[in-house]
Amino acid sequence: MNSHAFAALAHIPILVFPVGPIPRAAFEKYAAEIRTFDSIRLGDIPAGMKDERARFMPNPLSSGYLYLSYPSHPPPPRHMSLSLFRPSHFTLGIIGVAACSSSYSLASALEQFENTVLDIFPEGSTFPLAKVCLAFEDEESAGSTGLGDTLPGIVSIPSVMGNKKLYIGTLLADLCSHILAELGRVYHVLESPIGNEYLNSALFPTLPSPSEMPLSLSSGNLGYPSYSSQPELESSGLAMSGIQIKRSSTAGPGISHTASLIQRQTILGPPAVRKRISAVGAVSSHGRLYKVLGDFFLLAGRTEDASLWYAEAIVLFKTGQDPVWHGSVLEGMATVFVLDAWSAGQGLQSSVSNNGIKEPWADIYDQLSQAIALYHKAPAPSEPSQDHSLLALTYCTAVMRQTSLLFCTWSTKGWGALAFASMLQPASTSYTQKTTSDNSWTNLERISIVSGVSRSQIANTVSQAHGPWLLHLGPHERLNILQSMATIYSSLGYKRKEAFILREVISCIMDLIVCGREENDLSRKSDVGSANTGNRSENGDEVSAVGKGAVGVRQNEILEGNQSILKLLVRACKVLGVDLEAVGVATATDGNSSEAGGRDSNGFAVEDLEGLADAARESFGWPELQVGVIREAIAVAEALPDPLAVARISLSALRTMHSVLASSDQYHLYQTAGRALAAMRRRGDAPAVEYWAGNPIMSLALLPLALHRLPIENPFSILTAKSSATNSLLSGIIDPFLYNPRKSSGPQSKNLIVQDEPIELTITLRNPYVFDLEIQSISLSTTGVEFESSPVSALVIPPNTLYSITIIGTAKTRGTLVFRGCIVQAPWGAPREFLLPVPTDADQNLFARRQSAVRCESGRTKYWGLDSLPWEKDGRRLSTLLPSLKNPPQFLQCVVVPEQPLLRIRWTSLTHGAVMLYNGEESTIRLTLENISALPIDFIRLSFEDSTIGPAQEALSEGELSVFETYETEYDLLHRKAFSWRNEKEITNILPNQKVVLSVTCVGKVGCAHGTVHISYSQVNRDHEEQVPVPEVFYTRQLSYPVTVTVYHMLECHDMRLMPMIDVDYDDISRRASNSAIHHLPEVDNLKEWCLFAIDVRNTYGLPFEVTFEREQAGTESAAVSSTVPPGSMSRIMLPVKKFRLSDDQISQPIPTLSDRQFVVGKSKLSIEEEQAQRELFWYREELLKIVSARWKEVIYSSLIIFVADIHWFRRTGDRHGDLSLRQQRLTLPMLKALRTDVVQIDLTLIVDNPDGSPQELDYSGGKYIASPNEMLYLRVEVANSSCSPFLKNLSHSAR
Amino acid sequence: MSHHLFLLSPSDTPIYNLTHYSTKLPQPTSSSLSSNLPTWSTSAFAGTLTALSGASSATQSHHVQGGAVRMGGGQDRHVIQMIANASLDVIEDVMRKESAMYLKSVDKFNEWTVSAFVTPGNMKFILLHETKNDDGIRSFFHDVWELYLKTMLNPFHTAHSPIRSIVFDTRVRASAKKYL
């Protein structure tokens, strides 16, 4: 900003630079002391000269000021042509600062000072006008430096001097006096006719060098005196001595011109000048001369004189064709106006009231506008020369001056003393920064209203400086202008415009860097001095310093410069909505990264969840611009070169903008990042980029263990309790509630894994990009017990897909294992942990709410423009809307159980696991088990299930069955199991690598299609864990062997009858039954005590079967009846059964339930009698079924071999046999009567008296008694009581 | 002479843009300052600066000088977008203070004048133009507004999604031909 101070035209620039070996800190200190003098009172200027040099000397009692500025570097030599047009652009004075010590004498300091001056300012240049070298004495070497020697051109300041500042002020005043004197000399040259011709010779003329004056005077050559065309070698000695004499304070008059007629007069009237000039007889207009005079007076602090001469010049320029000089006059007048206002208002601190119609600064503004317009319209110089560049510079400076007027007024809240101060000495007032530091819109707008200058007005003014003409400028000026523009836009809060300008700034710097690298040897020389004095102001001035540093010193890697450029980039990109720092630089080393991960794990988790919600958010910004700016940023970073930044920028862009990037761009960015990272790897840098590719982990799941490996938790109590298979089998679905809330709210089912056995986890990864995403490694992040897994490395995820990988790991000790998530590492990046919480219901609820809140927001625009930048908006809006996750996240958790033995089925007796049975047939399945672990098995238990159990249990649990049916079903479940293990005690121990054989009995049961044998086993007694308190649970493993069962239903029993023997028509029976029961009848001694059991057996199968019914009854011999039932036919089997009678106690018992079911409610609404009858039926049937059993046997006929193709089948069926169930049969009341022994047996016999008097039974044949008529018969009644209790009966009879 | 129209959503995302080349000839108003530009550097970064400062279009129109200055539609287009984006600063500033929807010549940058139209829904229509055509631009903006409203009546169209309707495009073009 320094170079664009509004009042720069009135500043005397003085260059301060170090001389000799002076420490930087010391130099800075002394230079700062010098720089505190930003103005010098005219009264302090020593005036003592009498000749033409006295022209610009102040009046003895004048009250004005000289304004000093301290640029950090001299203007480049190219600007030399401006020397007369704009003297304030040049360093009029030079101060060398040397530190003298015993080893560094004054003389050597002076010599070096002179050499440096010659280096910086080529001989022949007009400036500097005065110079002085200040030699500060070190504290240590006080008195030893020979300060006594007084050398011309160097002033030594002893360290013992008390008030250095005062002395420096005096010295500065002295220097200024010399400068003013030299200005007088210069003007003296110009006002001569030849000088005036020189002045008018070109657009930007230069002062003829003293040595050239007579020459050009004599030859009349008025050509353009370029210093570069001067023969340097020949004239160097002469010029040097001349200059030196001229500048040194002690020299006498060195120039041959006679003293001017014009003495130093206070009232130097224009008429006199005009007269004088006309007397000389010059042909050129004097407008430029007057303008120069005005400029010099302005520099000398004599504003009245300056405005006088400016007014003169204006008059001449009005008609003339010299717009550039005209414009310059206007600029000068504007400066004079402000200076006057400053001196008038200084100390009053009161704003000039702006109650007029126009703003007070409007006149100045108009003047400057006029000047700008004049510059703008200036005719282009005919030949392409420096003039283009200088004209553009003049134009831009004028625009900046106008801007400065507005900006200073605006930032100091109005036209007043503060505004003047900041216009005069912008560096001295930090007020601007203070007012504009609060960048909120309200504050800025408040300033606008207070000051009466609107921000858009300032912006429009400053934008005039921006145009193609910037290309005319030299690099440093261009940077300077652009940087000032950026600063102003930034202060105004116009961030986008600032970003626009910053892009240009960056391009400028980068161009310099790139070009400077090619010719770095050449350009470094010109940078002497500025390297040390590069000062930084607060806002944005770093740019110029960076530019210089990067051009000049490239050998030593000063990272500061590069970082500053990157900072600018980031700033510019942020405005466009691109966050170049989205991917962080990994700073943590391995040691504390884990700590960090543990500390803010919740934060990560929340972030992850938010990341999911991001998808619903709308994008911000202008995608095309964003892509462009990213490309440029990468180009910049590549040119620096800063591979880390390249990688960061490209990866950040990929991360944040992959939705708007074209696929080619994505691919390109990925490639670029890869290249940059590879370059870093070559250079041996540590991996430095955080993981970038969003959240790649979609899910983490524990693959369930294979069933035979899965441990099952059991309480220890089941070992001690007697096995109650009954319960488990019959209970079935015991939960009486349809919806049991306690069931679901119970602890989550634990994942059990076994120590030292591998488990598998699937990780689903996502690649949202269009290229193959490469991942260097993925490993699991676990807490809890030690878990050993090998990370998956060198993984490539295809574009736009989900991708699953499996990680195998082993838990090393028992305990609890928690899978927090995954640690993902991109190639050459830092690993990053991604947490995968298992969301609870509340979490999911919350997440859904967040998502809907985001989605609800997405269509609305509460904030717009830069306020709607994603990172700004979320902080304000969503944070208040969205509920935050409170609970710590839950993770996938596993219980590691101790090592378990492992069993396998080595061999079975079944082929293909299938068994084919006839109904009721019994078969044995042999399973050979082998313990393939190193642990012994001391607990083994078998359980079975088959397809009949389920339906039966269901029927039971529904409770719709009658008591009788319930009993039948339960009986079926308990006593007729399809599978059973008879000899349970046979195997108790299986040692490692031992084989044992299990025999499982399988019974054919109709309806059974398949079954399973479950073998539960475990090692219960562990000796080596005695010290541990006895655990409450132990773990078993289960081996299951499924069996496919085919049961052929071949024999059906029908129509069971029980008949009293007495009524049987035996002829009929013998006809119906082939193998009748007749031959059993002989044992039936007393027909009344027997009844006949008859049943039809039907063969529905294709083979004949022999059916045997057996009777096992107490008190009788056992008997059996066999019959062969041919296929498709039915046989009736008859078997006499002796009647029996059950005691009353027995039959009055209720029908039992075989299970311990509690809620058996008698559904039947039977009366007591009916119930009694049912119970009686039930108990008699039970008894009958105990007595009579049926078996079947396969009958093999030789002819059958023809039909039976399956030899194998045939061979095995040789002795196939089985039981035939009679439980389907029902007992009815008549049958019961036949079966039950009557309580009273009455036997009636007709007896006739024999002739001999003995009674004789009457003849009985054919069921009839044949009595002869008229014979007396006796009726013998035998009554037998077959019950257990005596009873009385009446006997009455009647005959018909 | 060309006009550039951008419809910007509240989040600064363009949902429609149009470049209209008018048949009217631009009056040469360029300054001598921008003539005779030097080819000061050949590095790529110089090209960026050249483009951003508006120099490439200047050289294009005056004297085309070889490939020293990188130019082309893409680069220029980028610059125009940058200008349109940068002008949002002034537009936002002005629209907070003034209730008018039509912001006439609200900003100037390089050779471009920026006029804007702010709908009540905070959509910003930005037109970059070189010459003064106040009434025409006003009418054009009102036409575009009406067309935009008709598009927004579509219940499936959200405020942030780009307008891809061909009908909209044709009508805007017709209006541009008529007024600009």
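- As recorded in an unreviewed UniProt entry, chain B goes by the name Sedlin, listed as coming from Suillus discolor.

- Chain A appears in an unreviewed UniProt entry as TRAPP II complex from Suillus discolor.
- If you open the UniProt record of chain A and go to Subcellular location (unreviewed entry), you find "Golgi apparatus".

## Section: the packing of helix H33 (residues 949-958) of chain A against helix H34 (residues 963-975) of chain A
All names here are of chain A.
Then, in step 1: Put simply, H33 and H34 touch, their axes get as near as 10 Å, and they point 150° apart. As the angle between them shows, H33 and H34 are arranged roughly antiparallel. Relative to H34, H33 is oriented so that their crossing is left-handed. Contacts from Ile949, Ala952, Ala955 and Leu956 of H33 reach H34 at Thr966, Thr969, Asp972 and Leu973.
Then, in step 2: Taken together, the residues of the contact of H33 with H34 sort by class into five nonpolar, two polar and one charged.

## As for the confidence of the model for chain A
Residues and elements named next belong to chain A.
Then, in step 1: The pLDDT averaged across chain A works out to 73; a share of 72% of its residues lies at or above 70.
Then, in step 2: In this model residues 521-555 is a low-confidence stretch, pLDDT under 50, and it forms 63 contacts with partners more than four residues away in sequence or in other chains.
Then, in step 3: Low pLDDT, under 50, characterises residues 1198-1213; the predicted model gives this stretch five contacts beyond four residues in sequence or across chains.

## What to know about the nonpolar core
Residue and element names in this part refer to chain A.
Then, in step 1: Residues Ala7, Val97 and Ala109 are the most contacted members of the largest nonpolar core, which totals 258 residues.
Then, in step 2: Those residues in contact with Ala7 that sit more than four places away from it in its chain are Tyr67, Thr335, Val338, Leu339, Met423 and Leu424.
Then, in step 3: Formed by 60 residues, the second largest nonpolar core is a distinct cluster that contains Cys1002, Cys1091, Phe1109 and Leu1220.

## A few points about the packing of helix H26 (residues 643-657) of chain A against helix H27 (residues 663-683) of chain A
Residue and element names in this part refer to chain A.
Then, in step 1: Where H26 meets H27, the closest approach of the two axes is 8 Å, and the angle between their N-to-C directions is 150°. The orientation of H26 with respect to H27, classified from their angle, is roughly antiparallel. Crossing of H26 against H27: the hand is left-handed. Between H26 and H27, the contacting residues are Pro643, Leu644, Val646, Ala647, Ser650, Leu651, Ala653 and Leu654 on the first element and Gln666, Leu669, Tyr670, Thr672, Ala673, Ala676, Leu677, Ala679 and Met680 on the second.

## What about helix H8 (residues 287-299) of chain A?
Every α-helix winds through 3.6 residues per turn, so residues three or four apart in the chain are directed the same way.
Residues and elements named next belong to chain A.
Then, in step 1: The terminal C-alpha atoms of H8, which comprises 13 residues, lie 18 Å apart, in line with the 18 Å expected from a rise of 1.5 Å per residue.
Then, in step 2: For H8, the tally of buried residues reaches 13 of 13 residues, placing the bulk of the element in the interior.
Then, in step 3: Phi turns positive, to about 85°, at Gly301, one or two residues after H8.

Rules used throughout
Residues numbered from 1 in each chain as written. Chains lettered and ligands numbered in written order. Predicted model: local features only at pLDDT ≥ 70, side-chain atom pairs only at ≥ 80, totals over all residues. UniProt positions renumbered as here; feature names shortened; annotations may be inferred. Axes fitted to C-alpha atoms, helices over the stretch in contact; angles between N-to-C directions. Helix = DSSP H or I, 4+ residues; strand = E, 2+ residues; numbered from the N terminus. Parallel < 35°, antiparallel > 145°, perpendicular 65-115°, else oblique. Left-handed = near helix turned anticlockwise from the far one by under 90°. Contact = placed C-beta atoms within 7 Å. Nonpolar A, V, L, I, M, F, W, Y, C, P; charged D, E, K, R; others polar. pLDDT = per-residue confidence, 0-100. Core = buried A, V, L, I, M, F, W, Y, C linked by C-beta atoms within 7 Å. Buried ≥ 20, exposed ≤ 12 C-beta atoms within 10 Å, placed from the backbone. Expected span 1.5 Å × (residues − 1).

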